[in-house]
Structures are given as C-alpha cells and as structure tokens.
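# What the coordinates show
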Amino acid sequence: MTDYLAGEKSGSRPAQDAPEFQAVVKDVNARVAKLLSINGTKSPRYYHKALGKITWGQCGMARDKAGLEQAIRDLQALRDDFWKNVKVVGSGEALAPELERAGRVADFLDFGIMMCLDALTREESCGGHFRTEYQDAGEAQRDDAAFAHAAVWEWQGDGQLPARHIEPLVYEETQLSTRSYK
Amino acid sequence: MVQDNGKEPTLALKLRVWRQRRGQPGAFEEHALPAVPTSASFLEMMDMLNEQLIAQGKDTFAFDHDCREGICGMCSMTINGMPHGPIPGVTTCQLHMRNFRDGETITVEPWRARAFPVLKDLAVDRSAFDKVIQSGGFITVRTGSAPEANNIPVPKPIADEAMDAAECIGCGACVASCKNGSAMLFVGAKINHLNILPQGQAERDRRTLAMVKTMDDAGFGNCTNYGECQAHCPKSITLDVIAKLNRDYLRARVKEFFSSTGKPSKGGD
C-alpha cells in the first residue's frame, strides 16, 4: 500500500450523479426495503449465531469433503430462511442497529458459503487449512501440481454460486519445498 | 442471586433505559430481564434486552460498541449516573454483571453533553472529538516508508509519559462526567502525547492553539478542577495532562504574541 492513499487527490471521487453511484443507491435502497418488509420471527443475531455454529463446526481448522458439502447445503437453507423469516426492527430513515446487523449477516451468509466452497475446492491441506483426507502421517499434505495458484471468487449475483479465477504461482529461481515439523 | 447447582448464578434486573429520537425529547423506558448471567458484560446484557425487545416486536435500543475489549473507545453509556459504570478504570464493555445485585434497578443513559448530541437512545454523535483530532492530533511526515525508528532517540521517561497520555481512547467519558462538559482531559492527553515527543516539536505551538480553538468552537466547557473526568476515565488519565495543556497553551499564545507581524500566519511555529 505504502503511500497509495496519501497520493489520492481530494475531490477525485466520482460524482454522486454518476450512473454507477445511482445504481448502487438504488440497489441499497431496494435491499433495505426488502429487509424491513420481511417482518418474520427470528432476529438477525439468531442467524449470525446459527451461521457461526455451522462454519465453526464444518469449516474450522480441520475439515473434510462430506462436512463441507453439508455446510454448504445448511448455509443455503439458512440463507433462504433468513430472506423469508428475519425480523428487522427500526426504519431505514434513522439510525437502526438491527438493520445494520441484518445487512452484515446477509453478507456473512453469502461469504460463509463462498468460504466453504473454497475449502471444498482446495483438495489439499496447506498449513492450518487442514483437509483431513489429505495428510501424510498427520502432516498437512500439499498438492502443488494442482494447487500452486492464488484463487479469487467472483460474485455472480444473489443466490448464485460465485465463480473461481486463478493466477498460477510461477517460481523461476526457487523450488517449492515442504517444511517438516518433525 | 439465584444459584442452581453447577449453574452460573443469574440476576433479575429492572432497567430504566433512555429512549430518544434525534432532535426530539427523550424519556426513560422501564424493562425487566429475569435471568442475566453474572459473567455477561454490560453490553451483552443490553444485547439480551434488545433480543427480548425484538421478540416483543419493539424497537431495540441503539448503543455504540465495537471491539468489546476496552480499547476502541466506542462504548459510551452512563450507568447509574456514572460514565462507564461504577468500577474504576474500565469501559462499559469490560464491566461485568457480577458487579450488580439481584433485584437491582439499573439506570442507563447516553453521554450527556451539549457537544455530543443524541443520535438515538444511547448513541451520541462524538464527531466533535474527530474535529479536534483533525485540527492537530497528528505529526506531518512523508508517507510511503517508515523512517528508521532509532534515528530519533527518545528518552525513556518521555516515552513512558507519552505512552501514558496515548492510552486515551477518545471515548468522551471525561466530557460526560464533567459539570462543565469540558473536554480538557481528552485534549490534554492528546496534546501531551504529541507535544513532549521529539517528533511532535515541529508543530507543537500550532497544534496546541488549533486543538484548543476547535475544542472551544465545538461547545465544550472549561476545566474548573472538579476532577470528575479523572475519576471516570476508563484509562485512568490524570489531571496533570490538563495542567500541561494549560502550560503549553500559554507558551504558544505568548510566542504567537511576540512573533506576530500583523500579517496572517503562514502556519509555521
């Protein structure tokens, strides 16, 4: 980052009447209206806790294929339930902590699914990201042939699974090696 | 206190909590919580109250919070008349319910000060503090790469004193506890933190004059040595930072007077 932000000239932000800005305002207002209109029975905090329980259990330090697949199904069901049964008190016109929380939890639900999908796709163990199927006498077993890359996930719209993009890690001078903790 | 075998003791509490919409008069609302675990923090107790209100279809109480580990300066409730509650040297998030009695009525209010208008319920607008910091709570250095730390020797006693002042988390409890609504403990801590370090010398006088002016313009009162701020500061900042602020302010004013050319200042010291 270094002086990336310091060099930012004041007044260089896009104007508020830019079409991109207006589109975001419209999206945000629609989302706020939707969250406030559901008027279900469960609080945003209920979903936050349920989400935490699933990801902590199935996408923690040690995870496996079956658990991650189950977690994705559970999170999709929880996300569907959220958008049908969440209860958000307050209004979009004043400070509304529950609306803020609901917005964050909605994001976390999408992000939790992506995180489990990423862990599922990565069929190797790498450091603390331990897939129990991929181990060598209790040590994390990397698969550099298939996974020597950095990956990002791209948002594909509400309710859609994100798309994965990779950038290969190419080393010209050094050789990849595995550290032994024994 | 109800105590089952092997179970955590709980408290039955009555709460009088301030309810206010921005720009409108406020009032206390009374609520009861039947079983608050004694290990809950004060903010967790407020979370329980809010969950109960959601279940009843009522609006929750807005309150500020962030790190919940006593370092961010966001939590800001006046509890039984005391900013951050009855335990010295802790923020509201680090105050635990074991410090209250079963059956007790607890009164919860926002910070009350003219310079901190209520946004909603227990949340107040503390941007006046941001303005004070923006006016002088910094040193000007080129960004991009950190300079070698050992280039500027700092004597250990000075470093310690600056660190003590830098403990201030800018929560505003000093203002809320003061009869005059004075922010001088906060401004004193920030001035002391920067003005005694070698790195702070270049802008010392300018900083002091600007921060004091911004503080006065924001509507904070003056210090008359009640010492309430020191008693309620969650970081135990002491009144001597105010004495040092006054000293630095006098120094800067005198220097300004004798160096005045009658032309507007270019901003140098």
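Look up a bit, the structure's there.
Residues numbered from 1 in each chain as written. Chains lettered and ligands numbered in written order. Predicted model: local features only at pLDDT ≥ 70, side-chain atom pairs only at ≥ 80, totals over all residues. Heavy atoms only, no water.

## Thoughts on the interface of chain B and chain A
Where interface size is quoted, it is often the accessible area lost as the parts come together. Let me state the cut-off plainly: Contacts between residues were defined by any pair of non-hydrogen atoms, one from each residue, lying within 4.5 Å. A quick way to say it: buried area is the sum, across both parts, of accessible area lost when two parts are put together, with a 1.4 Å probe. Note on definitions: salt bridges are taken to be side-chain nitrogens of Lys or Arg within 4 Å of carboxyl oxygens of Asp or Glu. We define a polar contact as two N or O atoms separated by no more than 3.5 Å, with the added condition that, inside protein, one atom must be a possible hydrogen donor and the other a possible acceptor, whereas residues neighbouring each other in sequence contribute only through side-chain atom pairs. Secondary structure elements are taken from DSSP: a helix is a run of H or I of four residues or more, a strand is a run of E of two residues or more, and numbering for both begins at the N terminus.
The interface is formed by 14 residues belonging to chain B together with 13 residues belonging to chain A. For the pair chain B and chain A, the summed buried surface comes to about 1200 Å²; carbon and sulfur atoms form 59% of the total. The largest share of the area that chain B buries against chain A comes from Glu51, Ile54 and Gly144 of chain B, three residues that together contribute 37% of it. Linking chain B with chain A are two salt bridges. Taking the shortest distance from any N to any O, the salt bridge between Glu51 of chain B and Arg45 of chain A comes out at 3.4 Å. Between chain B and chain A we count three residue pairs in polar contact (both at pLDDT 80 or more) in total. Secondary structure elements with two or more residues in the side of chain B that touches chain A: helix H1 (42-55) and strand S6 (118-120) of chain B.

## A few points about the nonpolar core
So the rule is basically this: For our purposes a nonpolar core is just a set of buried Ala, Val, Leu, Ile, Met, Phe, Trp, Tyr and Cys residues, chained together by side-chain atoms within 4.5 Å. Residue burial is assigned from relative accessible area. The probe radius is 1.4 Å, only protein chains are included, and a residue is buried under 20% of its type maximum, exposed over 50%, and partly exposed in between.
Ranked by size, the top nonpolar core spans 33 residues in total, and within it Phe116, Phe129, Val175, Leu185, Val187, Met215 and Phe220 of chain B carry the most contacts. Where this core is concerned, the elements lending two or more residues are helix H2 (127-136), helix H4 (173-177), helix H5 (184-195), helix H6 (204-217) and helix H8 (240-259) of chain B. A total of six residues in this core trace back to one element, the largest contributor, which is H5 of chain B. Ignoring sequence-local partners within four residues, the contact set of Phe116 of chain B consists of Trp111, Val124, Asp125, Arg126, Phe129, Gly172, Val175 and Phe220 of chain B. Counting 27 residues, the second-largest nonpolar core is a separate cluster that includes Leu78, Val88, Ala96 and Leu120 of chain A.

## Some words on unusual backbone geometry
Leaving glycine out, the prevailing phi sign among residues is negative, and the prevailing peptide bond configuration is trans. One non-glycine residue, Asn39 of chain A, lies in positive phi territory at about 50°. Looking at the element boundaries, Asn39 of chain A is found in the loop between helix H1 (19-38) and helix H2 (44-58). A relative accessible area of 52% means that Asn39 of chain A is categorised as exposed. One non-glycine residue, His84 of chain B, lies in the positive phi region at around 65°. Within the secondary structure layout, His84 of chain B lies in the loop between strand S4 (82-83) and strand S5 (105-109).

## Things to note about the pattern of salt bridges
One pass over the full model with this rule turns up 27 salt bridges over all chains. Here Asp81 of chain A makes a salt bridge to Lys42 of chain A, at a shortest N to O gap of 2.8 Å. With Asp81 of chain A in helix H3 (residues 65-85) and Lys42 of chain A in the loop between H1 and H2, this residue pair connects regions lying 39 residues apart in the sequence. Between Asp205 of chain B and Lys255 of chain B there is a salt bridge, and its shortest N-O distance comes to 2.8 Å. With Asp205 of chain B in helix H6 and Lys255 of chain B in helix H8, this residue pair connects regions lying 50 residues apart in the sequence. Residue Asp205 of chain B is classed as buried on the basis of its relative accessible area, which comes to 7%. By sharing partners, the salt bridges in this structure join Arg19, Glu29, Asp59, Lys120 and Asp121 of chain B into a single network.

From the geometry alone we can't say anything about function, so treat these as descriptive.
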